Amino acid sequence: MEHFEQLTDKWYPLLASSAMIPGVIGTTLSQGGTRPVWNVELGDTQTMLMAWPEHSLLRSGVVVKGPCDGKLEPVTVMPFLEGFPNLLTVVDVHPWGKGGEVGEVLAQPEDGGEPLWFFDPLFFRDARVDLTPGVTQTFYLAGLCLGIRRALLDEMTVTEGPMYEAHAAQWLEANPGKTRLDVPPLKVPLNGVRVLGPTDRCSQYQARASIYDVDSFDFGPEGAQEKVYRFGVTLGQTEKPLHFILYAPQRICINGYEPREGHEVDVIFWMQGRVVDVDDEAPEMEDEPH
């Protein structure tokens, strides 16, 4: 998989044009806020994340950096997603660029499944909290959908691979006198099945899942708002699953699909995660600092 160190494409689902990104930065800096746990001072340098709007699970986030007693300049801007808490063990990290203000984390789920790469918008903070390999942290996990549709298939036909070989052996044992050519295809029911697989880019995944707690809201400045569906999904093993909040802007819903409670969906999404905020019980953000 490739580390694609670029965030402009993550705005395509939310904005009509990339030309609107400078306006997003300006609005976030002028109207947004921050929290003490989104602020790091190291020596004479200050780095913090500012977010807008204040009361929303999906916000624009701008990382700013500069001298503690001087002007803080924007470093990067990204969709900033609230998610559900999950326990994962750090395997590796990949800082972006020389400054390492943002980056990606590779972490192992409790269910023993494959480690997952996800983008960390507070990497500058979390790397100091502790992203040492082997350390277990609680991460908020969320995803911005890049494409979503109602699941098309109720079952999958398998004609090769380990699963099919096991099926063939069992069928031939139960049907003496038959040959390998007589073995029927394996039909695997997909209703209720959770599937999470990587793509060719780190932090980007494809999944099949049932959705729940579906809601919608408008995101963006007045006159350029985008309807966004918000819902929960559960992925991974039944015993110790992973829980995500996914955000699906209307513009990426295939053929006008409208997410509904209990639907099974096929989705491609950008995964985001960060170490939980220690002041999570406090919903209020501070006013913009100097």
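Just so it is clear, the model here is predicted, and its values are computed rather than measured. Residue positions are given per chain, counted from 1 along the sequence in the order it is written. Local features in this predicted model are restricted to residues whose pLDDT is 70 or higher, and side-chain atom pairs enter the listing and the counts only when it is 80 or higher, whereas totals over whole chains, interfaces and linings include all residues. Excluding hydrogens and water, the side-chain values take into account all heavy atoms of the structure.

1. Regarding the confidence of the model for the chain
Note the following rule: Scored between 0 and 100, pLDDT is the confidence that the predictor attaches to each residue. The criterion used for residue contact is that any of the two residues' heavy atoms lie within 4.5 Å.
Considering every residue of the chain, the mean pLDDT works out to 89; 94% of them sit at 70 or more. When the criterion is pLDDT under 50, residues 281-290 qualifies, and its contacts beyond four places in sequence or with other chains add up to 27 contacts.

2. Some details on empty space enclosed by the protein
The cut-off we apply is this: The distinction between a cavity and a pocket rests on a 1 Å grid over the protein atoms alone: a 1.4 Å probe fits inside a cavity but cannot get out, while a pocket stays open yet meets protein on both sides within 12 Å along at least five of seven lines, and a residue with an atom within 4 Å of a point counts as lining. Grid points are joined across faces, edges and corners, and a volume is the space filled by probe spheres set on the points. The residue classification treats Ala, Val, Leu, Ile, Met, Phe, Trp, Tyr, Cys and Pro as nonpolar and Asp, Glu, Lys and Arg as charged. All others, Gly included, are polar.
The final tally for this structure, using the stated rule, is one cavity of 30 Å³ or more. Forming the walls of the largest cavity are Phe4, Lys10, Trp96, Glu104, Arg201, Cys202, Ser203, Gln204 and Trp270. Of the residues in the lining of the largest cavity, the class split is four nonpolar, two polar and three charged.

3. Comments concerning the layout of surface pockets
Any empty space left between atoms is shown by rolling a water-sized probe over those atoms. The cut-off we apply is this: In this text, helices come from DSSP runs of H or I with a minimum length of four residues, and strands from runs of E with a minimum of two, each type numbered from the N-terminal end.
Quantified by volume, the largest pocket comes out at close to 360 Å³. In terms of lining, the largest pocket is formed by 19 residues, of which the most central are Gly113, Glu114, Leu116, Leu196 and Gly236. Of all the secondary structure elements, the ones that give two or more residues to the lining of the largest pocket are β6 (103-109), β7 (116-120) and β11 (195-198). With four residues, β11 is the single largest residue contributor to the lining of the largest pocket. Here the residues of the lining of the largest pocket sort into eleven nonpolar, five polar and three charged.

4. Description of unusual backbone geometry
In this model, tryptophan 52 is joined to proline 53 through a cis peptide bond whose omega is -5°. Looking at the secondary structure, you find proline 53 in the loop between β2 (45-52) and β3 (58-67). Phi is positive for serine 203, close to 75°, though the residue is something other than glycine. Position of serine 203 among the secondary structure elements: in the loop between β11 and β12 (204-219).

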